[in-house]
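Notes for the structure review
Below are the chains, spelled out letter by letter.
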Amino acid sequence: MDLSFSPQEEAFRQEVRDFIAEASPLLPKNLGTPEQARRSKDEYLVWHRLLYKRGWVAPAWPKELGGAGWSVTERYIFATETAKAGMPTTLPFGLGMVGPVIYTFGNEAQKKKFLPRILSGEDWWCQGYSEPGAGSDLASLRCRAVRDGDHYIVDGQKTWTTLAQYADWIFCLVRTDPAAKKQSGISFLLIDMKSKGITVRPIVTIDGGREVNEVFFDDVEVPVENLVGEENKGWDYAKFLLGNERTNIARVGASKERIRRIRELAASVQSGGKPVLDDPKFREKLAAVEIELKALELTQMRVVANEGKHGKGKPDPASSILKIKGSEIQQTTTELLMDVIGPFAAPYDVHGDDGSNETMDWTAQIAPGYFNYRKVSIYGGSNEIQRNIITKAVLGL
Ligand SMILES: Cc1cc2nc3c(=O)[nH]c(=O)nc-3n(C[C@H](O)[C@H](O)[C@H](O)COP(=O)(O)OP(=O)(O)OC[C@H]3O[C@@H](n4cnc5c(N)ncnc54)[C@H](O)[C@@H]3O)c2cc1C
């Protein structure tokens, strides 16, 4: 099933397809597969730079700031076509998170300094929200910033910081007023990762990858000009950002592509003398997730179409539904891939003999993907927390 498009939208779809055909040979091997092993910084950026050159790197940004200026449908077409072709996605931390915060709440100097470098990929950003003891209850964060003339002095720790090992900048929630009510004493600071006093330590994940880190701040000097908006108003900006994160986290296109792959593999892998795809229980599970995905896709389009209707800086609370459903579908589809290969999932190694993953059999990539995707119901605000949000903000209970 597909939506129907106008002739202009069909022409746009063809333009996207042509672009993908031109870009594909330039991408490093293995980049587009969902169960790929770890990428280098440069590999992550190849797709970003190609999109930037074409003016397509920021579909949701306003055109006057360098965004693509696409309609909801064009954004949908782009996301669907790129996912279908197995293209990678751009990282969210600059384009999807701090960029919109800066252009919505930042001052002119910040917009001028940071936005072009986010678009070009020159600055890699990471997200410094969570701390040990401040995850779901984020407002309990303790990382401190004390004003000292034209600087803040930052002390404390962030954790689970995705890809901080590559980052040039980190956007941080810091406590600037310890005496105020939890949510009122928080500010939003932009911190140069090259600053003296920052230490990044890896956390190795269950799939053997280095995706997350601890980041320590030890008397780090941050110029006051790097404060976004008003001091002690950071919680408002943080919530705005989290709403965007939840919309982007649905990953409809990637799940569609994974389902296509499941169907293809299940048709060729045999179990008990017949293709896995012929197994009634397997088919039932696959059909159920396909229906859920279609419903999610339509909900996502509704949320995107309603953007801005909840007031400036106020995300649609329905984005919590996208987060829950999107992550459940990602987890179910990675489970289905495990069902397809059965016992062959067991012996896996994220690295080939030469330390790369180039030599891996396709089955060896399935289990790391399955383990890695256990994260999706935790990050971006756990699914239990999203249910609490829906209860209050959507159902009004
Ligand atoms: C792979 C990965 C990448 C991440 N990347 C980043 C990043 O780049 N930057 C960043 O800042 N953070 C990042 N995070 C952190 C993530 O946002 C937190 O892990 C998440 O908010 C949960 O917090 P926590 O781990 O402290 O768990 P806790 O808050 O301790 O929760 C533990 C469990 O209790 C449940 N729970 C807690 N409170 C409630 C409640 N009130 N009602 C019902 N259930 C509740 C939770 O749902 C969870 O199941 C990442 C996490 C992961 C796993």
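Reading the values: rules and limits
- Residue positions are given per chain, counting from 1 as you read along its sequence in written order.
- Local features in this predicted model are restricted to residues whose pLDDT is 70 or higher, and side-chain atom pairs enter the listing and the counts only when it is 80 or higher, whereas totals over whole chains, interfaces and linings include all residues.
- As a convention, hydrogens and water are excluded, and side-chain values are obtained from all of the structure's heavy atoms.
- The near set for a molecule or strand comprises every residue that places at least one heavy atom within 4 Å of it.
- The term polar contact refers here to a pair of N or O atoms within 3.5 Å; inside protein, the definition further demands a hydrogen-donor-capable atom paired with an acceptor-capable atom, and it admits residues adjacent in sequence only when both atoms are side-chain atoms.
- Calculation of accessible area relied on Shrake-Rupley with a 1.4 Å probe; when residues are assessed, cover is drawn exclusively from the protein chains displayed.
- Runs of E in the DSSP output that reach at least two residues are strands. Runs of H or I that reach at least four are helices, and both are numbered from the N terminus.
- Residues are sorted three ways: Asp, Glu, Lys and Arg are charged, Ala, Val, Leu, Ile, Met, Phe, Trp, Tyr, Cys and Pro are nonpolar, and all the rest, Gly among them, are polar.
- Only one rule defines a salt bridge in this text: a Lys or Arg side-chain nitrogen within 4 Å of an Asp or Glu carboxyl oxygen.
- The rule is simple: take the accessible area with a 1.4 Å probe, protein chains only, and divide by the maximum for that residue type; under 20% is buried, over 50% is exposed, in between is partly exposed.
- By the convention used here, strands pair only if DSSP detects at least 2 bridges between them.

Here the focus is the site of the ligand. In the vicinity of the ligand there are 17 residues, among which S136, W160, T162, S382 and E384 approach most closely. At 2.9 Å, a backbone N or O of Y129 approaches an oxygen atom of the ligand. Between the ligand and the protein, one listed contact pairs an oxygen atom with a backbone N or O atom of S130 at 2.7 Å. Relative to its free-state accessible area of 980 Å², the ligand is covered by the protein chains to the extent of 65%. With three residues, the top contributor of residues to the shell around the ligand is helix α11 (residues 383-394). Class assignment of the residues belonging to the shell around the ligand gives a composition of six nonpolar, nine polar and two charged.

So, on to the pattern of salt bridges. Applying the stated rule across the entire model yields 25 salt bridges. Residue K325 is joined to E328 by a salt bridge in which the shortest nitrogen-to-oxygen separation is 3.3 Å. Highlighted residues: K325 and E328, both in helix α9 (residues 319-341), separated by three residues, approximately one helical turn. Judged by its relative accessible area of 29%, K325 falls in the partly exposed class. For R374, the salt bridge identified is with E335, shortest N-O distance 3.2 Å. With a gap of 39 residues between them, R374 in the loop between α10 (366-372) and α11 and E335 in helix α9 connect regions that are remote in the sequence. On the accessibility criterion, R374 (23% relative accessible area) is partly exposed. With relative accessibility at 26%, the residue E335 sits in the partly exposed group.

Let us now look at the pairing of strand β6 (residues 198-204). Pairing geometry for β6 and strand β7 (residues 210-223), over seven bridges, is antiparallel. Note that in β7 the partner of I203 across the bridge is V212. Taking the residues that link successive antiparallel strands as the turn, the β6-β7 hairpin has five residues, and the phi of G208 there is positive, at about 85°.

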